[in-house]
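Spelled out from the first residue to the last, the chains are:
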Amino acid sequence: MTAIFHPIRTLRENFSHIGAAVNASREYSRAGAVRASTEAASPVAAAIPL
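Report follows, based on the coordinates. (Residues numbered from 1 in each chain as written. Predicted model: local features only at pLDDT ≥ 70, side-chain atom pairs only at ≥ 80, totals over all residues. Heavy atoms only, no water.)

## As for the overall build of the chain
Then step 1. Tallying secondary structure elements over the chain gives three helices and zero strands in all.
Then step 2. Beginning at the N terminus, the succession of helices and strands in the chain can be written as α-α-α.
Then step 3. Counting all 50 residues of the chain, 4% fall into the buried class. (Helix = DSSP H or I, 4+ residues; strand = E, 2+ residues; numbered from the N terminus. Buried < 20%, exposed > 50% of the residue type's maximum accessible area, 1.4 Å probe, protein only.)

Structure (structure tokens):
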């Protein structure tokens, strides 16, 4: 209902949420890359869940 009265605010909030999701995805990908490189170097680290 507030989208009808405040379209700019709603759009800004939606872009903020999308940006947060993109940042979280980027961090998750980086963590996976670091983990993959660590697993190759240390089998003990491979046993720790992400």
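## Digging into a nonpolar patch on the surface
Then step 1. A cluster of nonpolar side chains, Leu11, Phe15, Ile18 and Val22, forms an exposed patch at the surface whose accessible area comes to about 380 Å².
Then step 2. For Ile18, the location among the structural elements is in helix α2 (residues 7–41). (Patch = residues over 30% accessible without salt bridge, like charges linked within 9 Å, V, L, I, M, F, W, Y side chains within 5 Å. Areas by Shrake-Rupley, 256 points an atom, 1.4 Å probe, with all protein chains shown as cover. Salt bridge = Lys/Arg side-chain N within 4 Å of Asp/Glu carboxyl O.)

## Remarks on the pattern of salt bridges
Then step 1. Taken as a whole, this structure holds one salt bridge when the rule is applied.
Then step 2. Between Arg30 and Glu27 there is a salt bridge; the shortest N-O distance is 3.2 Å. With Arg30 and Glu27 both in helix α2, this residue pair falls three residues apart, about one helical turn.
Then step 3. Glu27 gets classed as partly exposed once you look at its relative accessible area, which sits at 47%.

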